Every structure is written in structure tokens, then in C-alpha cells.
Amino acid sequence: MADDVATGRPPTRARLNRENVLKAALEYVDDHGLGTLSMNKLGAELGIAGMSVYSHVASKDELLDGIVEVMWGELEPPTADGTTWPEAVYAYARSLRDMIYRHVAAAPLLNRATLPVSSLEYVDAYRQVLVGAGLTDRQAIQALRAVHGYALGFSLAEVSWWGDAAQHHCTDDLTMLRRATGMVPRDTSDHLVRLAVDFCYDNQADQFEAGLDLMVQGLLTRM
């Protein structure tokens, strides 16, 4: 949990600040699930009373918004050297999907109605790359909005359907059939169970890239 660099232990009370409390909260969700997060449990992880967490975040809602802030803050800004705008669009979508994979349990929080500064700075960095590659500012925003919605929606649906199997890329037929069977009614025909596997999982990495290809091709006709 927000380890002290030298000791590998959680930070002491004196070292606690908003940043490492939020990072500790994200790690807690990664390890234990979003539904189990509480101020008391987070405080116990940090070695403080649950009420002491409120010294760093004013409410549970602020804590959840802060987790989103930390997730966005993990993303590395793009490099502009020789990058075409389609390459930048691909990179944006892949980085967002990779971040969701790292934090499957916390990923639903990305649907919260919050725009942390870290997210806006990240989007703006890509906007500048796209404008530098020849798009107008409006075209760059349109392209990023489109690819953001696609990457976020695709990835959240994926982890919602498959959970840890998606996170760990468990793609064997038996695992997928068992999960699909658990999602559909018992009397579903074999044909539709197989369709559920194909529609919801069948080589999701390839499906994600195929969707990006279609999106970029569509954007090329408009830019």
C-alpha cells in the first residue's frame, strides 16, 4: 500500500498525505474489490483510525473520485516525434485499455461524473500531438472523443463480462464456455451459448484492434 521507497512498508502516519492515501485506496480495490472499500478498512491498511482518513479526503465520494484521478495519472503522455495522427489515436485507445486491465476492480469508477486534472492533461497532450500532425483543433477533439468512447466502452464491457479472466487473458475454450454458461439462462441452446462466447470474448485483443481499424478508416474520410 503506497509503500515507503526505502522500507517497502506503508507510509507512517507522519508521511501520509492525500496522494498516498489515494494510491493506497486504489491498491486496496485492486486487491480486495470495490465493494469492500470503506474508510475503516482503508484506515486499517494504512495503520490509522478510519476517521483519520477524513483528514485527507472529505468523503467517500471524494475518495472514489481520487481513485479515478490516480488511475489517469498513471498514463504516460505521448511523444510527438514523427507521430501521425492515426498512430496517436491507436496509442490513446491502447493505453486506456491497458490501464483498465491493470485495475479491473476499480475500472467501473471511470464512469463516474468526474474529470480530474490528470485526465484533462492527458487528453490535452494527445490533442497537441494530433494538431501537430495536421488536424485542426476541432478535428483532434472529435477524434479523441470518438476513440475514448470506443476504448472505454469496449474495455468496461469486457471486464464486466469476464472479470479476472479478461485481466489475465484466460482465453481457453473451457474457461470461456463456463463463464458464458453462467451468464445465460440454463435452457439456452448450445448454438446461442457459443454465440455468447464469440460475441463477448472471442479473441478480444483482435476484436479491439479491428474496431480501431474501422474507426480510424471512418475518421480518415472526415478529416
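Data block above holds the structure.
Residues numbered from 1 in each chain as written. Predicted model: local features only at pLDDT ≥ 70, side-chain atom pairs only at ≥ 80, totals over all residues. Heavy atoms only, no water.

1. Notes on the packing of helix 1 (residues 18-32) against helix 2 (residues 39-46)
Each pair of packed helices can be described by the angle between their axes along with the distance between the axes. The criterion, for reference: What counts as an axis is a line fitted to C-alpha atoms, over the stretch in contact for a helix, and the angles between N-to-C directions run from 0 to 180 degrees. Helix and strand definitions here come from DSSP, where helices need a minimum of 4 consecutive H or I residues and strands a minimum of 2 consecutive E residues; each element is numbered from the N-terminal end. Note on angle classes: values under 35 degrees are labelled roughly parallel, values over 145 roughly antiparallel, values of 65 to 115 roughly perpendicular, and the remainder oblique. Contacts are assigned to residue pairs that have any heavy atoms within 4.5 Å of one another.
Where helix 1 meets helix 2, the axes come as close as 10 Å, and the angle between the chain directions of the two elements is 105°. On the basis of their axis angle, the class for helix 1 and helix 2 is roughly perpendicular. Residues Val21, Ala24, Ala25, Tyr28 and His32 of helix 1 form the contact with helix 2, whose own contacting residues are Lys41, Leu42, Glu45 and Leu46.

2. A look at the packing of aromatic side chains
Our working rule: We call Phe, Tyr and Trp rings a pair once their centres come within 6.5 Å, taking the six-membered ring for Trp, and we label the pair stacked below 30 degrees between planes, edge-to-face above 60, and tilted otherwise. Two thresholds decide whether a charge sits over a ring: the Lys NZ or Arg CZ must be within 6 Å of the ring centre and within 35 degrees of the ring normal.
Here the structure, examined in full by the defined rule, presents seven aromatic pairs. The ring of Phe208 has Arg97 sitting right over it, with the charged end atom 4.9 Å from the ring centre.

3. Concerning the layout of surface pockets
Here is the rule: The method works on a 1 Å grid over the protein atoms by themselves. A cavity is a set of points holding a 1.4 Å probe that cannot get out, a pocket is an open set with protein on both sides within 12 Å along at least five of seven lines, and residues with an atom within 4 Å of a point line them. Grid points are joined across faces, edges and corners, and a volume is the space filled by probe spheres set on the points. Here the nonpolar group is Ala, Val, Leu, Ile, Met, Phe, Trp, Tyr, Cys and Pro; Asp, Glu, Lys and Arg are the charged ones; every other residue, Gly included, is treated as polar.
In this structure, the largest pocket spans a volume of roughly 290 Å³. Taken together, 16 residues form the lining of the largest pocket, with Trp72, Tyr92, Leu115, Val123 and His148 sitting closest to its centre. For the lining of the largest pocket, the secondary structure elements donating two or more residues are helix 3 (60-73), helix 5 (117-132) and helix 6 (137-162). Per element, the largest residue contribution to the lining of the largest pocket is five residues, and it comes from helix 6. Split into classes, the residues belonging to the lining of the largest pocket amount to 10 nonpolar, four polar and two charged.

4. Quick look at helix 1
Applied cut-off: By this rule the span expected of a helix is its residue count minus one, scaled by 1.5 Å. Each residue is assigned to one of three classes by its accessible area relative to the maximum for its type, calculated with a 1.4 Å probe on protein chains only: buried under 20%, partly exposed between the two thresholds, exposed over 50%. Polar contact is the term for a pair of N or O atoms within 3.5 Å; when the atoms are in protein, one must be able to donate a hydrogen and the other to accept it, and sequence-neighboring residues count only if both atoms are side-chain atoms.
Between its first and last C-alpha, helix 1 extends 21 Å over 15 residues, near the 21 Å set by a 1.5 Å rise per residue. Among all positions in helix 1, only Asn20, Val21, Leu22, Ala24, Ala25, Leu26, Tyr28 and Val29 are buried. Next to the buried residues of helix 1 lie helix 2 and helix 3. One side-chain oxygen of the residue at the start of helix 1 lies 3.1 Å from the amide nitrogen of Glu19, identifying that residue as Asn17. Remark: Gly33 follows helix 1 within two positions and exhibits a positive phi of approximately 100°.

5. Quick word on the pattern of salt bridges
The following threshold applies: Between Lys or Arg on one side and Asp or Glu on the other, a salt bridge is scored when a side-chain nitrogen of the former is within 4 Å of a carboxyl oxygen of the latter.
As enumerated under the stated definition, the model contains 10 salt bridges in all. Linking Arg18 and Glu62 is a salt bridge whose minimum nitrogen-to-oxygen distance equals 4.0 Å. On the criterion of sequence distance, the pair formed by Arg18 in helix 1 and Glu62 in helix 3 is long-range, its members being 44 residues apart. Here Arg112 ties to Asp61 by a salt bridge, and the two come within 3.4 Å at their closest N and O atoms. Of this pair, Arg112 sits in the loop between helix 4 (85-102) and helix 5 while Asp61 sits in helix 3, and the two are 51 residues apart along the sequence.

6. Here's the deal with the environment of Met39
Counting through the fold element by element, Met39 comes out in helix 2. Overall, Met39 belongs to the buried group, its relative accessible area being 7%. In sequence terms Met39 and Val53 are 14 residues apart; their C-alpha atoms lie 6.5 Å from each other. Those residues in contact with Met39 that sit more than four places away from it in its chain are Gly50, Val53, Tyr54, Val57, Ser59, Lys60 and Leu63.

Read these as spatial facts, not as claims about activity.
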